[in-house]
Protein chains: 2
Amino acid sequence: MSGAQTVGAARQRIHGIAHRTPVHTCAAIDREAGARVFLKCESLQRVGAFKFRGACNAVLSLSQEERARGVITHSSGNHAQGLALAARLAGVAATIVMPHDAPEVKRAATLGYGARIVPCDARDREAVCAAEMERTGAVLIHPYDDDRIIAGAGTATAELLDEVGDLDALFVPVGGGGLSSGACLAAEERGAPVAIVGVEPEGGDDARRSLETGRIVTLDTVPATIADGLRTRSIGERNLVILGRRMAAVLAVSDDEIRAALRLLVERAKLVVEPSGAAALAGLLSGRHALPAGARVGVVVSGGNVDPAAMSRLLG
Amino acid sequence: MSGAQTVGAARQRIHGIAHRTPVHTCAAIDREAGARVFLKCESLQRVGAFKFRGACNAVLSLSQEERARGVITHSSGNHAQGLALAARLAGVAATIVMPHDAPEVKRAATLGYGARIVPCDARDREAVCAAEMERTGAVLIHPYDDDRIIAGAGTATAELLDEVGDLDALFVPVGGGGLSSGACLAAEERGAPVAIVGVEPEGGDDARRSLETGRIVTLDTVPATIADGLRTRSIGERNLVILGRRMAAVLAVSDDEIRAALRLLVERAKLVVEPSGAAALAGLLSGRHALPAGARVGVVVSGGNVDPAAMSRLLG
């Protein structure tokens, strides 16, 4: 690790490398929500997801000695691609331990960014990753339980608040808790009064239960949801601490609610969005978090990595 | 009409009503193009297309007396929706003469914006429109051969040049010539050296031929192309004058080239784009307009009004 991580410092570190993503508004979504909604379009981030921010901040926070050792993670999804690209841009070697059954498209993208892939059985990923670390000395960049990743993810919220000013609430999806704890950190640093509201898939409400009990609740099985980016069994230790300090609420949404939000984002806001990327909007539209009339609300559209045929099927 | 129209004045008029659309970059597109490409995302404009800019400028340029008479046009596409919304926001009545065979989704959207629709046979649209104007005294807002529409459309280029600075070239689709002549006007007003390059569908090269001969060439039939927004038989008189002064080149692209550009925009840039909206990028990628190595190039992504199933079929 490389000392204290702040969102402000992460922002300077990734400036000009990560995109400053656009904030989009859509009258049809405002009408549905009964609020003024600002969509922070992380689907338009490099590699198509907010994950690039944390990966980029993590790689750029490495010491020279750590850079020489290279980085490693285990992931079959957006974090793999984010870390692979961030490492390539910095001239750092990246190893991704990836389950055999990862989608070929994600495997190809990760290879395309120049990472070395170590295939494994899904249930062995952590063990294989540990063995590789032992063998190569590579530095682990955990997908969410990592201060560098959290601060990097927080830059999305910092940019949004800079651009649109104070918000009554900000809705973010919660998987492992990297994006949401980053949002909390950004609000803390800024002293912004915004209520951070986390959104989980139904049947995957471990973050809410973890915050209620003050300890990490781990689901017995991976939650069944169309939001593949939110199929995590628990949040991380660092994430729990930060969420516990600052999170206003966590609510759950059904697949049908995610699908309806996805439809609005694709058909009305004209954004290619993956199901996880529609979860936060689904949370807002559920009405489960009460808002004042005419509220100003941020929504993080966290990713866009879905192929057009799958998107069409989801909306069919 | 209401006096001289400049892009600068149009910009002030539509400020805060039309979106200032984001400029998006995408490393995969830069690689394909061998250039630094700035995508001006008019697919993210209100009503999902640049057409709202001109319609908004036109309605806001009306005198009080003209506002009271209401506005009228004939269109089955994005101009209908743009004018319907611009009129509703200004409290002006709008009549759209629309062929019976217009897509139901566009009919519904136009009605949703509060316009009155007068159905007609496709071949009678101009006659029906003229009869309605006669009967009601409504003010015609032509889709492209109109100084207010051209100046309004030019605001997209003015915003782009403001945001990214000088460009070597700007690629724009050419249907009736509203967007492209607006781009020329914006470059003229700014004294910008940018080469404006128009892109037409193969078999619909009336703009190139019109510019070569200095008079409007009208195609015998509507060009067969997947780019439904570019199925025009000729450009307008005002458009020809402006294009003749300032346009660097016009080139043609095939449906396959449009499809390949569409795939990059959807799969890599994560934008929902209609085929016409991918034509300008197809023109850049065709290499038919020579560019210096490492050129800085603008591309107008003109619209996003396509349903997800159709988009998936186009890319299938």
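Residues numbered from 1 in each chain as written. Chains lettered and ligands numbered in written order. Predicted model: local features only at pLDDT ≥ 70, side-chain atom pairs only at ≥ 80, totals over all residues. Heavy atoms only, no water.

### Describing the overall build of chain A
For chain A, the count of helices and strands is 14 helices and 10 strands. Scaling as 2.2 N^0.38, a compact globule of 316 residues should have a C-alpha radius of gyration of about 20 Å, and chain A matches this with 18 Å. Seen through its principal axes, chain A has C-alpha atoms that stretch 55 × 40 × 40 Å. Long-range contacts, defined as pairs at least 24 residues apart, comprise 73% of the intrachain contacts of chain A with a sequence gap of at least 6. (Helix = DSSP H or I, 4+ residues; strand = E, 2+ residues; numbered from the N terminus. Rg over C-alpha atoms; globule rule 2.2 N^0.38 Å. Contact = heavy atoms within 4.5 Å.)

### What to know about helix α10 (residues 206-213) of chain B
Residues and elements named next belong to chain B. Residues of α10 that are buried: Asp206, Ala207 and Ser210. End-on, the buried residues of α10 take up no more than an arc of 100°, which puts them together on one face. Against the buried residues of α10 lie β8 (195-201), α11 (237-246) and β9 (247-253). Downstream of α10 by one or two residues, Gly214 has phi in the positive range, about 75°. (Buried < 20%, exposed > 50% of the residue type's maximum accessible area, 1.4 Å probe, protein only. Arc of directions from axis to C-beta.)

### Overview of the interface of chain A and chain B
Taken together, the 26 residues of chain A in the interface contact 26 residues of chain B. Summed over both partners, the interface of chain A with chain B buries about 1,800 Å², with 63% contributed by carbon and sulfur atoms. One can count zero salt bridges joining chain A with chain B. At the boundary of chain A with chain B, the tally comes to eight residue pairs in polar contact (both at pLDDT 80 or more). Among the secondary structure elements, those contributing two or more residues to the side of chain A that touches chain B are α12 (255-268) and α14 (308-315) of chain A. (Buried area = accessible area lost by both parts, 1.4 Å probe. Salt bridge = Lys/Arg side-chain N within 4 Å of Asp/Glu carboxyl O. Polar contact = N/O pair within 3.5 Å; in protein donor to acceptor, adjacent residues only side chain to side chain.)

### Some points on the sheet that holds strand β5 (residues 116-120) of chain B
Residue and element names in this part refer to chain B. Read from one edge of the open sheet, four strands run β5-β4-β3-β6, paired in parallel fashion. At either margin of the open sheet sits one strand with a lone partner, and together these are β5 and β6 (139-140). Inspection of the sheet shows strand β3 (residues 71-74) paired to strand β4 (residues 94-99) by four bridges, in the parallel sense. Pairing of Thr73 across the sheet is with Ile96, part of β4. (Pairing = 2+ DSSP bridges.)

### Quick word on the nonpolar core
One finds Phe171(A), Phe171(B) and Val299(B) to be the most contacted residues of the largest nonpolar core, which totals 86 residues. Residues contacting Val299(B), with those up to four places away along its chain left out, are Val37(B), Phe38(B), Leu39(B), Lys40(B), Leu170(B), Phe171(B), Ala280(B), Leu281(B) and Leu284(B). (Core = buried A, V, L, I, M, F, W, Y, C linked by side-chain atoms within 4.5 Å.)

### Some thoughts on the environment of Asp206(A)
All names here are of chain A. Among the structural elements, Asp206 can be located in helix α10 (residues 206-213). Taking the relative accessible area as the measure of exposure, Asp206 reaches 1% and is therefore buried. Separated by 44 residues in sequence, Asp206 and Val250 have C-alpha atoms that sit 9.8 Å apart.

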